[in-house]
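# Notes for the structure review
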Amino acid sequence: MRIQTEKLTNEQLQRIISDYAKPLRDEVAVRPARGEDCAALWFRDNLCVMTMNPVTTARHDIGRLAVHAGCNSVAACGAEPIAMGLSLLVPMHYEEHRLRAIMQQVQKTAEYMHVEILGGRTEVTDAVTRPVLSSTILAACMQDKLVKASEAQVGDDLLVTKTAGLEGAIILTHDFQDYVMHTLGEEDCAEILGLTDQLSAVAEGLTAARAGATAMLEAKEGGVLAAVYALCQESRCGVQVEEREIPVLEQTQKLCQALMIDPLRLASAGCLLITTPDGKTMMRELRKYGIPAAVIGKIHPYAYGMQVACRDGQTRPLGHACGDELTKVSRATLPPFEPITPNML
């Protein structure tokens, strides 16, 4: 069944939207219903932290990515995600079963994250050629646990969790699965797609906040290096990044080599930058919860500048990121199939 009108009927709303907005949190006072334009939350004595995130680069799994994107942003402030609202734009004559699939992704991921869906807006419009999903996340945080990206301190260690290019590798493998399968092989393709559960950075955000993080920022568009630049710019500080210390999954490295793109500037949602006075202690705290992390640099005074100690032994300016490596890849730009062999790495 295709959706014919600009607004969903009440019956479609009930089938597609309301069926997936399940009660999960005691903090919700008013839940979504037909005729209700607003929801309400109890936040007691906590700070209310809010963020909004659109998903525009992915064609698959946008429901899952939208939930993780918003939850990760608030967790990077040390805030626990409580509830979310959605804005979903779909092209004219979009099939209802595909819309249901998006909402099923949203519902399952939100339930897994223990985040309640408050409602939102779904619109059929010729302004888009593919679905565009935005999430608004409301979160709670004790005032003395709030962490900002602008408070890195000189002398802090700089850490990153998980591996660089995590999100981008998943998106590329979904969008160009035939190419990845032929180029890397079935096993590596499955390995990358199996990383989807790692896209959440909520556990490390809340853990790092409790363990004394001075600043945090998720590495999203532009990858780990873009996030380092943004965090240091916000904190008015310099940095020395050790390129060799930035973890990159072997499969991500092989995929990026085949596509001639840089994994350190590839979308890395799920990877959290953390600054802290004692990086080793922070890594121990994270590993208690099964979260891998690595110290990748040191925070310096602003006059030091932003430097990267590269693998070739040269030290170069970090430089401002110009977009994400994902934008360089399309069907037209894919190189011919050429399986990666060990001696090519």
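Anything mentioned here points back to the structure above.
Heads up: these notes are all about the structure in this document.

As a further point, take the packing of aromatic side chains. Applying the stated rule across the entire model yields zero aromatic pairs. The side chain of Arg-236 reaches across the aromatic face of Tyr-302, ending 4.0 Å from its centre.

Among the nonpolar cores identified, the biggest contains 81 residues, and Leu-172, Val-224, Val-228 and Leu-273 are the most heavily contacted of them. Not counting residues within four places of it along the chain, the set of residues in contact with Val-228 comprises Leu-158, Val-239, Val-241, Leu-273 and Leu-318. With 14 residues, the next largest nonpolar core counts Leu-159, Met-216, Met-282 and Leu-286 among its residues.

Let us now look at the packing of helix 5 (residues 177–184) against helix 6 (residues 186–193). To characterise two packed helices, one gives the angle between the axes of the helices and the distance between these axes. For the pair helix 5 and helix 6, the least separation of the axes is 6 Å and the interaxial angle reads 130°. By the angle between their axes, helix 5 is oblique relative to helix 6. Residues Gln-177, Val-180, Met-181 and Leu-184 of helix 5 pack against Glu-186, Asp-188, Cys-189, Ile-192 and Leu-193 of helix 6. Considered class by class, the residues forming the contact of helix 5 with helix 6 number six nonpolar, one polar and two charged.

Moving on to the packing of helix 6 against helix 9 (residues 250–259). Two numbers describe how helix 6 lies on helix 9: the axes approach to 9 Å, and their chain directions differ by 115°. One way to sum up the angle between helix 6 and helix 9 is to call them roughly perpendicular. For the crossing formed where helix 6 meets helix 9, the hand is left-handed. On helix 9, the residues touching Asp-188, Glu-191 and Ile-192 of helix 6 are Gln-251, Lys-254 and Leu-255. In terms of residue class, the contact of helix 6 with helix 9 is made up of two nonpolar, one polar and three charged.

Thresholds applied
Residues numbered from 1 in each chain as written. Predicted model: local features only at pLDDT ≥ 70, side-chain atom pairs only at ≥ 80, totals over all residues. Heavy atoms only, no water. Phe/Tyr/Trp six-rings, centres within 6.5 Å; stacked < 30°, edge-to-face > 60°. Lys NZ or Arg CZ within 6 Å of the ring centre and 35° of its normal. Core = buried A, V, L, I, M, F, W, Y, C linked by side-chain atoms within 4.5 Å. Buried < 20%, exposed > 50% of the residue type's maximum accessible area, 1.4 Å probe, protein only. Contact = heavy atoms within 4.5 Å. Axes fitted to C-alpha atoms, helices over the stretch in contact; angles between N-to-C directions. Helix = DSSP H or I, 4+ residues; strand = E, 2+ residues; numbered from the N terminus. Parallel < 35°, antiparallel > 145°, perpendicular 65-115°, else oblique. Nonpolar A, V, L, I, M, F, W, Y, C, P; charged D, E, K, R; others polar. Left-handed = near helix turned anticlockwise from the far one by under 90°.

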